[in-house]
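Below, each chain spelled out in residue letters.
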Amino acid sequence: MTQVSDAPARTRAQISERTLRKDRWWQAPVVVVTLLTIWLTYATVRVFTGHWYYVPKYHYLTPFYSPCVSGECVPGSSTLGHWIPAIPPIIPYAFVSLVFVLGFRLTCYYYRRAYYRAFWQSPPSCAVREPHAKYTGETRFPLIMQNLHRYFFYVVIVISVLNTWDVAQAFRGPDGNFGFGLGSLIMLANVVLLWCYTLSCHSCRHITGGRLKHFSRHPIRYWAWTKVSWLNARHMQLAWTTLGTLMLTDLYIMLVASGAISDLRFFN
Amino acid sequence: MGYMAALKVWRGDAGSGALTDYKVEVNEGEVVLDVLHRLQATQAGDLALRWNCKAGKCGSCSMEINGRPRLGCMTRMSTFDPADTLTITPMRTFPVIRDLVTDVSFNYAKARSIPSFTPDPSIKPGEFRMQQEDVNRSQEFRKCIECYLCQNTCHVIRDHAENEAPFAGPRFLMRVAELEMHPCDEADRRDIAQDDFGLGYCNITKCCTEVCPEHIKITDNALIPLKERVAGHKYDPLVWLGSKISRRPAKAGTPAVPGKR
């Protein structure tokens, strides 16, 4: 009589190596950690500096100080008036916008992917074992708060309008009439890319049309959804590009404001 | 021109196993599955591997090649340096039956737990009409060949087997998303997506998208849109306030998950 053997135990293949990948899977996390650390260090230093954020002659205001609502803000830089008294920059002058811009980027679906992989190593790369013994993802506090991304998006739309207003001011010459220089063009490029990044957001894609069940019954929203989807496919590139343009814009204005360089004027 | 490739193939069963060295002939134009078949025919007649169509459409020959979840039939040998040793292992997330064959029944159990298509009962078979723009979204997800490479690579269950119960994995969250977006599906699946299928476990690191041999944008087109729908339903303060003052009553029709409610 044939002996029927026991069914094999239901266990996974026992492979001790963390990963058997032979490519440079560690490269992307290292690059992300390096670039984000550089950017965050620069931004932190700048928002607490309290100097060289406005060029009165050409009306250049760095986005890191917009809207400038502290009593310390130099004349002409406060679009929305002074909300807090003149105190040293323990509180960033543009705290009212920075907290939402930071929240928007922190909860952004692309940045989440980037920092979960690079900083938290969860996972560091695909098919590479993560170092954590337990994982609950975004099911609990504080990471369940990532679901608030959409509300940051709403506020950032308003902030983008403010940034656009700042750019319009930068197209005024010293006499108050139309005029522009290299700084105006850098600010313009920055704000266009900021709009592209903001509108390419996954929440924006959901709001414009993604939440619908019937595209065919909402042709205008469907059209808008296709355009946002096109931008959305470039969300990662826009996320990085705007970090670069924000830094470049601030750096240029800082150099002009401090007198280190002169603005290259094209007209007036 | 052919050459002799050095292979390390994981051999064993659920109890134990190890990487075994082989030297196998490789000819121009071959894929990894061809080489494994030659290994089986010439040196290791008892090598177990699952395959069927050899065309990237049946999803049977899922394995890990040099640590990367791939289809054996869609991985060209010409993409590797002939001097390198190729390491071939079974999918790590699933229990191994023998050699490269794994038990993927976890996925079938998850598939069965998803409440099926729930149309308006007043619409009779043959009366459904859908426009192409409505069909497109679901059609992308229907390209899935159920190779389960996405399930295999998802760290939520790959690195944390304890999450197999609460988390359905990207393939089945994509199925939930497909039904949730379907114009003729009447069920509200947002609660069960979060509570029963573990959408919150997904931290959108996109590995499922990276390994998908059908290039389905699982994360961008299924998981994130589903997360947004859940966020609007469960975490929207205005919706919550509206439901409290009865201005926006909760939508009826959340289907039950078999065995859970």
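Residues numbered from 1 in each chain as written. Chains lettered and ligands numbered in written order. Predicted model: local features only at pLDDT ≥ 70, side-chain atom pairs only at ≥ 80, totals over all residues. Heavy atoms only, no water.

A few words on the domain arrangement of chain B. Residue and element names in this part refer to chain B. The assigned domain composition of chain B is domain 1 (3–102) and domain 2 (105–244). Taking only C-alpha atoms, the centre of domain 1 and the centre of domain 2 are 31 Å apart. Taken together, the contacts link 14 residues of domain 1 with 16 residues of domain 2. The junction of domain 1 with domain 2 conceals about 1,100 Å² of combined surface from both sides, 56% of it contributed by carbon and sulfur atoms. For the domain 1 face of the interface with domain 2, the top three residues by lost area are Pro69, Thr93 and Phe94, together amounting to 48%. Taken together, domain 1 and domain 2 are joined by 2 salt bridges. At the surface where domain 1 touches domain 2, the tally comes to 6 residue pairs in polar contact (both at pLDDT 80 or more). (Domains from an automatic or database assignment. Contact = heavy atoms within 4.5 Å. Buried area = accessible area lost by both parts, 1.4 Å probe. Salt bridge = Lys/Arg side-chain N within 4 Å of Asp/Glu carboxyl O. Polar contact = N/O pair within 3.5 Å; in protein donor to acceptor, adjacent residues only side chain to side chain.)

A separate point is the environment of Pro29(A). Residue and element names in this part refer to chain A. In this fold, Pro29 is placed in helix α1 (residues 27–47). C-alpha separation for the pair Pro29 and Tyr116, spaced 87 residues apart in sequence, amounts to 9.6 Å. Contact partners of Pro29, with chain neighbours within four places excluded, come to Ala118 and Pro124. (Helix = DSSP H or I, 4+ residues; strand = E, 2+ residues; numbered from the N terminus.)

For the rest of this paragraph, the subject is the interface of chain A and chain B. Accessible area lost upon the coming together of the parts serves often as the stated size of an interface. In this assembly, 55 residues from chain A lie in contact with 62 residues from chain B. Together, the buried faces of chain A and chain B total about 5,000 Å²; carbon and sulfur atoms form 50% of this surface. A per-residue breakdown of the area chain A buries against chain B is headed by Arg12(A), Tyr135(A) and Lys213(A), which together make up 18% of the total. Inspection of the region where chain A meets chain B yields 6 salt bridges. Counting across the interface, chain A meets chain B through 39 residue pairs in polar contact (both at pLDDT 80 or more). Mapped by element, the contributors of at least two residues to the side of chain A that touches chain B are α3 (109–118), α4 (149–170), α6 (202–210) and α7 (219–232) of chain A.

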